[in-house]
Amino acid sequence: MIRNVVYPGSFDPMTNGHLDIIKRSLNIFDRMTIVLAKNSLKTTFFSLSERIDMIKETLDYAGLSDRVTIDNHDGLLVDYCRNNNINILIRGIRPLVDFEYEFEMAMINRELNHNIETLFILTDQEYFYLRSTLIKDVVRLGGDISSKVPPPVLEALKRKLLDKV
Ligand code: PNS
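Residues numbered from 1 in each chain as written. Predicted model: local features only at pLDDT ≥ 70, side-chain atom pairs only at ≥ 80, totals over all residues. Heavy atoms only, no water.

Some thoughts on the overall build of the chain
Our working definition: By the criteria applied, helices consist of DSSP H or I runs no shorter than four residues and strands consist of E runs no shorter than two, each listed in order from the N terminus. Taken over C-alpha atoms, the radius of gyration is set against a globule rule of 2.2 Å times the number of residues to the power 0.38. Only heavy atoms matter for contacts: two residues are in contact if any of them lie within 4.5 Å across the pair.
For the chain, the count of helices and strands is 6 helices and 5 strands. Helices and strands appear in the chain in the N-to-C order β-α-β-α-β-α-β-α-β-α-α. In terms of C-alpha radius of gyration, the chain reaches 16 Å, essentially the compact-globule figure of 15 Å for 165 residues. Taken over the C-alpha atoms alone, the chain extends approximately 45 × 35 × 30 Å along its principal axes. Considering only intrachain contacts with a sequence separation of at least 6, the fraction spanning at least 24 residues in the chain is 74%.

Structure below.
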């Protein structure tokens, strides 16, 4: 049986922290569907199509395109899972900052659909302080962030924030 998991998020933009979670999930599961979903607490910096393009390019760059599919969903995540027969959600979790928010999300998703389990993967120590807002700030102010984001994302950030590649 092929086991597929959903990795949901805003991915605004995708970072090496996300990429690490994808690779480690694929050590456990056969396939993954990255689902760009709407976070009502956030306004995204990149458009949906920009984020999808960056993820596609990153997966190609990382050689993962054959095992990872990208999709987007405007609605409840549990409905996406039900409609696509996937019952595992993957979330990366950073020490301290993420626990309460992630715990609440997992609880509400489980209440909405008891068949869905959220599996947490601890973010690698190299990325645990990585936050998209921080990355944008560093690029905007001319700092080097190349070890924290995949090359296609770095280019897109520079294009958008500094108007150059
Ligand atoms: O990367 P993020 O912004 O932390 O991801 C949060 C996301 C998009 C996974 C979450 O907001 C979500 O699941 N949105 C879809 C709507 C939904 O199902 N809401 C109920 C659970 S919070």
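Let us keep going from here.
Some thoughts on the pairing of strand 1 (residues 4-9)
How we decide: Remark: exposure states derive from per-residue accessible area (1.4 Å probe, protein chains only) relative to the maximum for the residue type, with buried under 20%, exposed over 50%, and partly exposed in between. A pair of strands is labelled paired if DSSP reports no fewer than 2 bridges between them. Every crossover in which the path from the first strand over the helix to the second runs clockwise, viewed with the strands pointing away from the viewer, is termed right-handed.
Along strand 1, 5 of the 6 residues are buried, which leaves the element largely enclosed by surrounding structure. For strand 1 and strand 2 (residues 31-37), the ladder comprises 6 bridges, and the chain directions are parallel. Residue pairing across strands places Tyr7 opposite Ile34, the latter belonging to strand 2. The parallel pair strand 1 and strand 2, bridged by helix 1 (residues 16-25), forms a crossover whose chirality is right-handed.

Looking at the nonpolar core
Note the following rule: Buried residues of nine kinds, namely Ala, Val, Leu, Ile, Met, Phe, Trp, Tyr and Cys, make up a nonpolar core once their side-chain atoms join them within 4.5 Å.
In this structure, Tyr7, Ile22, Met32, Ile34, Val68, Ile90 and Leu157 are the most contacted members of the largest nonpolar core, which totals 33 residues. Counting only elements with at least two residues in this core, the list comes to strand 1, helix 1, strand 2, helix 2 (48-62), strand 4 (88-93), helix 5 (132-140) and helix 6 (151-162). The element contributing the most residues to this core is helix 6, with 5 residues. Those residues in contact with Ile90 that sit more than four places away from it in its chain are Val5, Val6, Tyr7, Pro8, Ile21, Ser25, Phe29, Leu119 and Ile121. Core analysis: the next-biggest nonpolar cluster, separate from the first, contains 9 residues, Val6, Val78, Tyr80 and Leu89 among them.

Quick look at the packing of helix 2 against helix 6
To keep things clear, this is the line we draw: To get an axis, a line is fitted to the C-alpha atoms, and for a helix only the part in contact is used. The angle between two axes follows their N-to-C directions and goes from 0 to 180 degrees. In the scheme used here, Gly and all other residues not listed as nonpolar or charged are polar, with Ala, Val, Leu, Ile, Met, Phe, Trp, Tyr, Cys and Pro taken as nonpolar and Asp, Glu, Lys and Arg as charged.
Relative orientation of the contacting elements helix 2 and helix 6 amounts to 145°, with a least axis distance of 8 Å. Of helix 6, the residues touching helix 2 (which contributes Glu50, Met54, Glu57, Thr58 and Tyr61) are Pro151, Pro152, Val153, Ala156 and Lys160. In the contact of helix 2 with helix 6, the residues fall into 6 nonpolar, 1 polar and 3 charged.

Observations regarding the pairing of strand 3 (residues 68-73)
Relative to strand 3, strand 2 runs parallel, the two sharing 6 bridges. Paired with Val35 across the bridge in strand 3 is Asp71. Crossover strand 2 to strand 3 through helix 2 is right-handed.

A few points about the packing of aromatic side chains
So the rule is basically this: When the centres of two rings from Phe, Tyr and Trp lie within 6.5 Å, Trp using its six-membered ring, the rings pair. Their planes under 30 degrees apart give stacked, over 60 give edge-to-face, and anything left gives tilted. Distance and angle both matter: a charge sits over a ring if NZ of Lys or CZ of Arg is within 6 Å of the ring centre and within 35 degrees of the ring normal.
By the definition in use, this model includes 3 aromatic pairs. Between Tyr7 and Phe11 the ring centres are 5.2 Å apart and the planes differ by 85°, which places this aromatic pair in the edge-to-face class. Owing to a relative accessible area of 4%, Tyr7 belongs among the buried residues under this scheme. One cation-aromatic arrangement involves Lys160 over Phe45; the distance from NZ or CZ to the ring centre is 5.5 Å.

A word on helix 2
The condition that has to hold: Any helix carries an expected span of 1.5 Å times its number of residues minus one.
Over its 15 residues, helix 2 runs 21 Å from end to end, which matches the ideal 21 Å to within 8%, given 1.5 Å per residue. Elements in contact with the buried residues of helix 2: helix 1, strand 2, strand 3 and helix 6. At the C-terminal side of helix 2, Gly63 shows a positive phi close to 70°.

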